[in-house]
Amino acid sequence: NAGVTQTPKFRVLKTGQSMTLLCAQDMNHEYMYWYRQDPGMGLRLIHYSVGEGTTAKGEVPDGYNVSRLKKQNFLLGLESAAPSQTSVYFCASSFSGRARSYNEQFFGPGTRLTVL
Amino acid sequence: DQQVKQNSPSLSVQEGRISILNCDYTNSMFDYFLWYKKYPAEGPTFLISISSIKDKNEDGRFTVFLNKSAKHLSLHIVPSQPGDSAVYFCAASEVENDMRFGAGTRLTVKP
């Protein structure tokens, strides 16, 4: 099992460009999440999905859109990138939404995005 | 505003000694707490957790202590090993789909 994979690993964008980050999981998890990690701050939730075809806003959703067309994939889009979106992005998945030891979130390796 | 704080960005200990990583939180409604470990170029992985109805949870060399009155939890690693060198994130949860993370503490265990 590959677990949670993310594509691409690195990307450099110019201000105003758009891009899509892809997350895939092979654990048949219902719940998927997108986080961003910035220096001096913890991981912050951008958007999440509780199942195929559903999405919801997290703590810092502005400037991002998401889609969950297939259960195993969760896409994060930046329509018009800004320097403030320079960050490391992590995708995660879990069986359900309640944080418990038996329901841990599994994380991908991250995507390092730089917006110039 | 950060509801979960890890005030020590880094910690260095000698192999075989105890590592103590600290975490403070402000939201008294958090009912579950977790520690994640992260190696470079990898995503965080779950390490250990504790429910708010307990004050201690142990798993091998790792023990998490929760002091609800002080809104403080700590992770103890005994004995520390060089392979424990990583960034450790504290996280807390109140409701579904909303886990709040601290900024992380980089632990270095010297041989």
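This is a predicted model, so every value here is computed, not measured. (Residues numbered from 1 in each chain as written. Chains lettered and ligands numbered in written order. Predicted model: local features only at pLDDT ≥ 70, side-chain atom pairs only at ≥ 80, totals over all residues. Heavy atoms only, no water.)

Peer 1: So what's going on with unusual backbone geometry? Which residues, and what values?
Peer 2: Here A:Thr7 and A:Pro8 are connected by a cis peptide whose omega angle stands at -5°. Take A:Pro8: it is sitting in the loop between strand 1 (4–7) and strand 2 (10–13). For B:Lys71, which is not glycine, the phi dihedral falls at a positive 55°. Here B:Lys71 shows up in the loop between strand 7 (62–67) and strand 8 (72–77). (Helix = DSSP H or I, 4+ residues; strand = E, 2+ residues; numbered from the N terminus.)

Peer 1: Which residues make up the sheet that holds strand 1 of chain A, and what are the values?
Peer 2: All names here are of chain A. The sheet built from four strands is open, its strands ordered 1-3-8-7 with antiparallel pairing. Only two strands of the sheet have a single partner each, and these edge strands are strand 1 and strand 7 (65–67). Each adjacent strand pair in this sheet contributes to an overall mean axis angle of 20°, direction not counted. Of the strand pairs in this sheet, strand 1 and strand 3 (residues 19–25) are connected by four bridges, and their pairing is antiparallel. (Pairing = 2+ DSSP bridges. Axes fitted to C-alpha atoms, helices over the stretch in contact; angles between N-to-C directions.)

Peer 1: Can you tell me about a nonpolar patch on the surface, naming the residues and giving the values?
Peer 2: All names here are of chain B. Where nonpolar side chains cluster on the molecular surface, the patch consists of Ile18, Ile20 and Val78 and spans about 220 Å² of accessible area. Residue placement: Val78 occurs in the loop between strand 8 and strand 9 (86–95). Val78 gets classed as partly exposed once you look at its relative accessible area, which sits at 41%. (Patch = residues over 30% accessible without salt bridge, like charges linked within 9 Å, V, L, I, M, F, W, Y side chains within 5 Å. Areas by Shrake-Rupley, 256 points an atom, 1.4 Å probe, with all protein chains shown as cover. Salt bridge = Lys/Arg side-chain N within 4 Å of Asp/Glu carboxyl O. Buried < 20%, exposed > 50% of the residue type's maximum accessible area, 1.4 Å probe, protein only.)

Peer 1: Which residues make up the packing of aromatic side chains, and what values go with them?
Peer 2: All names here are of chain B. Per the counting criterion, the structure on display carries twelve aromatic pairs over all chains. When the ring of Tyr36 is compared with that of Phe101, the centres are 5.9 Å apart and the planes differ by 55°; the resulting orientation is tilted. Placement of the pair is Tyr36 in strand 4 (residues 32–38) and Phe101 in strand 10 (residues 98–101), with a sequence separation of 65 residues. A single burial state applies to Tyr36 and to Phe101, both of which are buried. (Phe/Tyr/Trp six-rings, centres within 6.5 Å; stacked < 30°, edge-to-face > 60°.)

Peer 1: Which residues make up the pairing of strand 10 of chain B, and what are the values?
Peer 2: All names here are of chain B. Summarising the sheet, strand 9 and strand 10 pair through four bridges and their orientation is antiparallel. Bridge pairing in strand 10 places Ser93 opposite Met99. Remark: two residues form the turn of the hairpin made by strand 9 and strand 10, two consecutive strands paired antiparallel; Asn97 in that turn has positive phi of roughly 60°.

Peer 1: Tell me what's going on with the side chain of B:Ser19, and back it up with residues and numbers.
Peer 2: Residue and element names in this part refer to chain B. With respect to the secondary-structure elements, Ser19 resides in strand 3 (residues 19–25). Polar side-chain contacts of Ser19 include one of 2.6 Å to the side chain of Ser80. Those residues in contact with Ser19 that sit more than four places away from it in its chain are Leu11, Val13, Leu75, His76, Ile77, Ser80 and Leu107. (Polar contact = N/O pair within 3.5 Å; in protein donor to acceptor, adjacent residues only side chain to side chain. Contact = heavy atoms within 4.5 Å.)

Peer 1: Describe the pairing of strand 7 of chain B, listing the residues and the values that go with them.
Peer 2: Residues and elements named next belong to chain B. Direction of pairing for strand 6 (residues 56–59) relative to strand 7: antiparallel, over a ladder of four bridges. Opposite Asn57, over in strand 7, you have Val64 as the bridge partner. Between strand 6 and strand 7, which pair antiparallel one after the other, the connecting turn spans two residues, and Gly60 there sits at a positive phi close to 65°. In the sheet, strand 7 pairs with strand 8 via six bridges, with the strands oriented antiparallel. Note that in strand 8 the partner of Asn67 across the bridge is His72.

Peer 1: Can you explain the pattern of salt bridges? Please cite residues and give values.
Peer 2: Any two side chains of opposite charge can pair, on the condition that their charged atoms come close. Considering all chains together, one arrives at ten salt bridges over all chains under this definition. Between A:Arg36 and A:Asp38 there is a salt bridge whose closest N-O contact spans 2.9 Å.

Peer 1: Give me the interface of chain B and chain A: which residues, what numbers.
Peer 2: Note: interface size is frequently given as the accessible area lost on complex formation between the parts. Facing 23 residues of chain B, the contacting portion of chain A comprises 23 residues. When the two sides are added together, the surface that chain B and chain A hide from each other amounts to roughly 1900 Å², 56% of it contributed by carbon and sulfur. Between the two partners, chain B and chain A, sit three salt bridges. Put simply, B:Arg100 and A:Glu59 hold a salt bridge, and the shortest N to O gap is 3.3 Å. Inspection of the chain B/chain A interface yields seven residue pairs in polar contact (both at pLDDT 80 or more). Elements with a minimum of two residues in the side of chain B that touches chain A: strand 4, strand 5 (45–51), strand 9 and strand 10 of chain B. When its residues are assigned to classes, the side of chain B that touches chain A shows eleven nonpolar, six polar and six charged. (Buried area = accessible area lost by both parts, 1.4 Å probe. Nonpolar A, V, L, I, M, F, W, Y, C, P; charged D, E, K, R; others polar.)

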